[in-house]
Amino acid sequence: MNYDVIIIGAGPGGIFSAYELTRKNPELKIAVFESGHALQKRRCPIDGQKVKSCISCKSCSIMSGFGGAGAFSDGKYNITNDFGGTLYEYIGKQKALELMHYVDEINLRFGGEGTKLYSTAGTKFKKICMQNALHLLDASVRHLGTDINYVVLENLYGYLREKVEFFFDTPVDSIAVIDGGYQVVCRNASYTCRKCIVSVGRSGSKWMEDVCKQLNIPTKSNRVDIGVRVELPAEVFSHLTDELYESKIVYRTQKYGDRVRTFCMNPKGSVVSENTNGIITVNGHSYEDPAKQTQNTNFALLVSKHFSEPFKDSTGYAESIARLSNMLGGGVIVQRFGDLIRGQRSTPKRIEESFTTPTMSATPGDLSLVLPKRLLDGIIEMIYALDKIAPGTANDDTLLYGVEVKFYNMEVEVDETLQSRYDGLYIIGDGSGITHSLSHASASGVHVARSISESLT
Ligand SMILES: Cc1cc2nc3c(=O)[nH]c(=O)nc-3n(C[C@H](O)[C@H](O)[C@H](O)COP(=O)(O)OP(=O)(O)OC[C@H]3O[C@@H](n4cnc5c(N)ncnc54)[C@H](O)[C@@H]3O)c2cc1C
């Protein structure tokens, strides 16, 4: 065998499995294959001047490369079982939390020291939310910020590159089961290993599907979250963000009984676009460094869509909606809430005259031509509900960017060690469909490394 362990994907799942393996078994020969660039080479060409919107790079620097999808993220590590994945269903709630705390300690040691840990424990907002038909989820959140998150990744890479062989710009084409292990096939060469950890995240979702089909690994999928990113003056939400930083609030609509939730809140942050398999959607982040902060806060409002038989392609459904916005707006569409309510499109002039200045250049348009009525009704209902706890949310100049989609990878069948039906083939992180966040993906990496370490000794 060329290696004891091959890890596919250098996102948080891959990084933390490599980290833990090198701690537990320093003698192991480990390789990491990553389709994206090394950290210092990752750069999104959008500069707001020459390149204003996504030009669909071959490898999206926002989604791929050392650090994975999380590299330029806000670096919010939510320590909770309430959201961010269902790792606890496999390993138990207590263990899942322990692993998330362990990851937090590592992040602090590698450059995150001094960053703030926020918590919903004992907050008055729980009651205020309940009084307004809103439900605030419990969590502690370590906010590294985009800048410190990058430093932590740089330091982790500095530590790992001495102990692990990295292959960047090297997508893995396929995995073959061989005697005593696996063959990992890349374009120009193939490599063998005893154990293989697959941690390909969301950008590897289609590839993961193919691998599961080829190897006959059972999967299931039926969920997707679709919505918009809301941007408003930071003051509107400051009472919540100052105390909690990020508040995950869930609302059940009166009209349809659908669940709408806030997601990825970025105080004084920026709205950004992201490219997943050629489809441009919206996201957001914020910096810890006050010099890089903006006047606005952004967060997503997402409606969960669960499909029942016979429809299986929830990802395809959301992609079609995102494609529609790309078709109408050439990328992301932005609309003032007031325009949406009055049934008129936003125009460049109306956006220019808006009291809220957009932090991202998007095409002014009409989201009602993109989002299905049921989803849009739910979003509008929740904006009015949020207006009760954060007055100003439903102002005319609140900006809505669309569409934001939270794709859930199909869930791959694995056991409590995150091992597939093949001995020594582990599937972890967002690519497994089990995690949807930095902390859960990282924790799954530590968990699998410990399982491998035990199996080898
Ligand atoms: C803009 C943005 C902001 C975010 N903010 C937050 C946040 O604040 N908090 C939070 O909890 N979560 C956040 N997320 C989500 C978070 O980044 C992911 O949940 C997390 O990165 C998942 O880790 P992972 O290791 O499973 O996958 P990823 O981070 O997606 O890493 C997978 C890696 O595998 C590589 N890969 C894919 N296919 C192959 C292949 N065939 N061969 C080789 N390599 C391959 C990819 O290039 C990628 O680098 C954000 C995501 C984005 C895009």
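Because the structure is a prediction, the values reported are computed rather than measured. Every chain is numbered on its own, with residues counted from 1 as its sequence reads. In keeping with the model being predicted, local features are shown solely for residues with a pLDDT of at least 70 and side-chain atom pairs are shown and tallied solely at 80 or more, while totals for entire chains, interfaces and linings include all residues.

1. Points about the overall build of the chain
- Secondary structure follows DSSP: runs of H or I at least 4 residues long count as helices, runs of E at least 2 residues long count as strands, and numbering of each begins at the N terminus. In terms of helices and strands, the chain carries twelve helices and 22 strands.
- Taken over C-alpha atoms, the radius of gyration comes to 21 Å for the chain, in line with the 23 Å a tight globule of 457 residues would show.
- With the principal axes as the frame, the chain shows a C-alpha extent of 65 × 45 × 45 Å.
- Within the chain, the proportion of its 457 residues that are buried is 52%. We compute the radius of gyration over the C-alpha atoms and compare it with the globule rule, which gives 2.2 Å times the number of residues raised to the power 0.38. Partly exposed residues are those whose C-beta has more than 12 but fewer than 20 other C-beta atoms within 10 Å; with 20 or more the residue is buried, with 12 or fewer it is exposed, and the C-beta atoms are placed from the backbone.

2. Points about the pairing of strand S6 (residues 140-143)
- Any two strands are treated as partners once DSSP identifies two or more bridges connecting them. Bridge count for strand S3 (residues 76-79) against S6 is four bridges, and the pairing is antiparallel. From the neighbouring strand, Tyr77 faces S6, where its bridge partner is Arg142.
- As defined by bridge partners, strand S4 (residues 116-119) adjoins S6 across four bridges and the pair is classed as antiparallel. Paired with Leu117 across the two strands is Arg142, which belongs to S6.

3. Quick look at the nonpolar core
- Membership of the largest hydrophobic core comes to 129 residues, with the highest contact counts inside it found for Val5, Ile6, Val184, Ile379 and Tyr401.
- Of all the elements, helix H11 (residues 373-389) adds the most residues to this core, at eight residues.
- For Ile379, the contacting residues outside a window of four places in its chain are Gly227, Val228, Val260, Leu301 and Val303. Buried Ala, Val, Leu, Ile, Met, Phe, Trp, Tyr and Cys residues form a nonpolar core when they are connected through C-beta atoms within 7 Å. In this description, any two residues whose backbone-derived C-beta atoms lie within 7 Å of each other are considered to be in contact.

4. Section: the site of the ligand
- Near the ligand you find 45 residues, and of these Gly9, Gly11, Gly68, Gly201 and Gly429 are the closest.
- When contributions to the shell around the ligand are tallied by element, the ones reaching two or more residues are helix H1 (12-24), S3, strand S16 (279-285) and helix H12 (438-456).
- Only Asp, Glu, Lys and Arg are considered charged in this grouping, and only Ala, Val, Leu, Ile, Met, Phe, Trp, Tyr, Cys and Pro are considered nonpolar; every other residue, Gly among them, is considered polar. In the shell around the ligand, the residues fall into 14 nonpolar, 25 polar and six charged. By definition, a residue lies near a molecule or strand when the C-beta atom built from its backbone is within 6 Å of it.

5. Describing the pairing of strand S8 (residues 172-178)
- Looking at chain direction, S8 and strand S9 (residues 181-186) are connected through six bridges and run antiparallel. Bridge pairing links Ile178 to Gly181 in S9.
- Taken together, S8 and the strand that follows it, S9, pair antiparallel across an intervening segment of two residues, in which Gly180 is found at a positive phi of about 80°.

6. A closer look at helix H6 (residues 205-215)
- All buried positions along H6 are accounted for by Ser205, Trp207, Met208 and Val211. The buried residues of H6 occupy an angular sector of 155° when projected down its axis, which confines them to one face. Away from its buried face by more than 90 degrees, H6 exposes Asp210, Lys213 and Gln214.
- The elements touched by buried residues of H6 are S8 and strand S20 (399-407).
- Asn216 sits one or two positions beyond H6 and adopts a positive phi of about 60°. An arc is given here, and it is the one of the directions from the helix axis to the C-beta atoms.

7. A short note on the sheet that holds strand S12 (residues 223-233)
- Strand order in the open sheet formed by eight strands is S5-S13-S14-S17-S12-S20-S18-S19, and the pairing between neighbours is mixed. At either end of the open sheet lies a strand with only one pairing partner, and these are strand S5 (134-136) and strand S19 (363-364).
- Sheet analysis places strand S18 (residues 333-336) next to S19, joined by two bridges and oriented parallel. Opposite Val334, over in S19, you have Pro364 as the bridge partner.
- Relative to the sheet, H11 contacts S5, S12, strand S13 (249-252), strand S14 (259-266) and strand S17 (296-306), its axis offset from that of S17 by approximately 135°. An axis is simply a line fitted to the C-alpha atoms; with a helix, the fit covers only the stretch in contact. Between two such axes, the angle follows the N-to-C directions and lies from 0 to 180 degrees.

8. Description of the sheet that holds S3
- Read across the sheet, three strands follow the order S3-S6-S4 without closing on themselves; strand pairing throughout is antiparallel. Bordering the open sheet on either side are S3 and S4, each of which pairs with just one other strand. Between one strand axis and the next, the sheet turns through 20° on average, direction left out of account.

9. Section: the environment of Ile434
- When you line up the elements, Ile434 lands in the loop between strand S22 (425-427) and H12.
- Setting aside chain neighbours within four positions, we find Ile434 in contact with Gly85, Thr86, Leu87, Tyr90, Glu411 and Ser444.

10. So, unusual backbone geometry
- Geometrically, the link from Gly402 to Val403 is a cis peptide bond, its omega value of 0° lying close to zero.
- With respect to the element layout, Val403 can be found in strand S20.
- Its identity as a non-glycine residue notwithstanding, Ser56 has a phi of 50°, on the positive side.
- Structurally, Ser56 is set in the loop between strand S2 (30-33) and S3.

11. Here we look at helix H5 (residues 145-160)
- Expected span of a helix, by definition, is 1.5 Å for each gap between consecutive residues, and there is one gap fewer than residues. Across its 16 residues, H5 extends 22 Å between first and last C-alpha, which sits within 8% of the 22 Å expected from 1.5 Å per residue.
- When H5 is considered as a whole, its buried residues turn out to be Gly145, Thr146, Ile148, Asn149, Val152, Leu153 and Leu156. Angularly, the buried residues of H5 cover 165° about the axis, an arc narrow enough to put them on a single face.
- Where the residues of H5 are buried, they touch H1, helix H3 (93-112), S6 and S16.

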